[in-house]
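Listed below, chain by chain, are the residues.
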Amino acid sequence: MNVKALVRTVNHTLKSHNLFPENSRILVACSGGPDSMALLHLLQDIAMHRHTTYEVGVAIVDHCIRPESKDEVLWLQHQVEELGLPFYSTTFDVPRLCKERKQSEETIGRQVRYQWLTELAQSENYDYIAVAHHKDDQAETILAHIIRGSGLNGLTGMSIVSSEYSTPVVRPLLDVTKENILAYLEAKCISYCIDKTNEDVRYQRNRIRHCIMPELEAVNPAVVDAIVRLGSSVHEDLRVISDLVDQSFDKLVTIDMDEVRTSRCALRQEPLAIQRRLWQRLVSTIDPNITLTSAHQDQLLDIVNTGEEKTFTIKSIKVTAQCDTIKVYCKH
């Protein structure tokens, strides 16, 4: 894929989701690595392709995991200043936070990075946050979810636009492979940093990238495309299932000020896939911060399938079943 074809591909991705209209303010999350440096320059190419202008800012987080990260921040600052763009940086001691919170570097790094990016985007009035996940990342994400035993939602992978944050997070490169990105950087003579921790297979993502994916490619050289196609197919199927859940919820559930009610007998008539999703909707209606685990789901389905009196507690939520009536409410 040459430079023009790559620009057209990314532009098509953005246009199909009505993203980055004229004069958009875009905050690019940039590590100085090949993917984010390609994204930074591609956005300028897209603006030229569309005969429009964007106000682009560049943000980097130093996670204090590698001794060279400070120098990389300074290197990126110099690159951004030469482009005449606003530059923002911050530092988080991720190893220390990992010990305090007893979570992985990947998890903590992601949490602090996105929290800072969204706060920065709000304070500086950016319309979008752009991140550099590409097609290979998408395949690795879906595979990681399969390994963890995720439900269908996990098989959809990352979305082009994530609206879970106060500022939309956009992934313009999800239709572009790593090979395409490296070819673009070479063609345009764009320099970038190399993060040596990306080779460390103690990290799950790296193990999938360097150990598992090559084995799968030996079986099917187009495995990245195949996995991404699976994600797209599941996404379409979930839209249909979601509509069915909405219909069942409207038909079976009564919502009062502080509780939701449904019929045990009526729930029993629904397919298992709908029941599981209805339970999540019932609980989320009372407390949107609760996500049911598979163990929770099994216990709740048992409530449906027996006629006995049952009481079940999940964090702030209480579920009671008496005769045919199931109630879900806040236990406080």
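Residues numbered from 1 in each chain as written. Predicted model: local features only at pLDDT ≥ 70, side-chain atom pairs only at ≥ 80, totals over all residues. Heavy atoms only, no water.

Caption draft 1: Structural view of the pattern of salt bridges. In the structure shown here, the tally under the stated rule is 21 salt bridges. We note a salt bridge from Lys-310 to Glu-308, for which the minimum N-O separation is 3.9 Å. The class of Glu-308 is partly exposed, set by a relative accessible area of 48%. Via salt bridges that share partners, Arg-66, Glu-68, Glu-72 and Asp-195 belong to a single interconnected network. (Salt bridge = Lys/Arg side-chain N within 4 Å of Asp/Glu carboxyl O. Buried < 20%, exposed > 50% of the residue type's maximum accessible area, 1.4 Å probe, protein only.)

Caption draft 2: Here's a closer look at the nonpolar core. Ranked by internal contacts, the top residues of the largest apolar core, which has 39 residues, are Val-10, Phe-20, Ile-26, Val-28, Leu-76 and Leu-173. Secondary structure elements with two or more residues in this core: helix 1 (3–16), strand 1 (25–29), helix 2 (34–50), strand 2 (55–62), helix 3 (69–83), strand 4 (128–130) and helix 8 (178–187). The leading source of residues in this core is helix 2, at 8 residues. If near-sequence neighbours (up to four positions away) are discounted, Leu-173 is found in contact with Val-10, Asp-35, Leu-39, Leu-42, Ala-132, His-133, His-134, Lys-135 and Ile-181. Ranked by size, the runner-up nonpolar core spans 38 residues in total, among them Leu-143, Ala-144, Ile-227 and Leu-300. (Core = buried A, V, L, I, M, F, W, Y, C linked by side-chain atoms within 4.5 Å. Helix = DSSP H or I, 4+ residues; strand = E, 2+ residues; numbered from the N terminus. Contact = heavy atoms within 4.5 Å.)

Caption draft 3: Spotlight on unusual backbone geometry. Not every positive phi belongs to a glycine, and Asn-18 is a case in point at roughly 55 degrees. Structurally, the position occupied by Asn-18 is in the loop between helix 1 and strand 1. Positioned with a positive phi, Cys-64 is a non-glycine residue whose angle comes to about 60 degrees. With respect to the secondary-structure elements, Cys-64 resides in the loop between strand 2 and helix 3. Judged by its relative accessible area of 31%, Cys-64 falls in the partly exposed class.

Caption draft 4: Here's a closer look at the sheet that holds strand 2. Ordered by their spatial adjacency, 6 strands build an open sheet running 3-2-1-4-6-5, and the pairing between neighbours is mixed. Only two strands of the sheet have a single partner each, and these edge strands are strand 3 (87–91) and strand 5 (161–162). The sheet contact formed by strand 1 and strand 4 spans 3 bridges and is parallel. Looking at strand 4, one finds that Ile-26 is bridged to Tyr-128. Running at roughly 170 degrees to strand 2, helix 3 makes contact with strand 2 and strand 3 of the sheet. (Pairing = 2+ DSSP bridges. Axes fitted to C-alpha atoms, helices over the stretch in contact; angles between N-to-C directions.)

Caption draft 5: Summary view of helix 3. Here helix 3 contains 15 residues, and its C-alpha end-to-end distance of 21 Å stays within 8% of the 21 Å for a straight helix at 1.5 Å per residue. Those residues of helix 3 not exposed but buried are Ser-69, Glu-72, Val-73, Leu-76 and Val-80. All buried residues of helix 3 lie within an arc of 100 degrees about the axis, which places them on one face of the element. Those residues of helix 3 that are exposed and angled more than 90 degrees off the buried face are Lys-70, Asp-71, Leu-74 and Glu-82. Residues of helix 3 that are buried in the fold lie against helix 2, strand 2 and strand 3. Positive backbone phi, approximately 75 degrees, marks Gly-84, located one or two places after helix 3. (Expected span 1.5 Å × (residues − 1). Arc of directions from axis to C-beta.)

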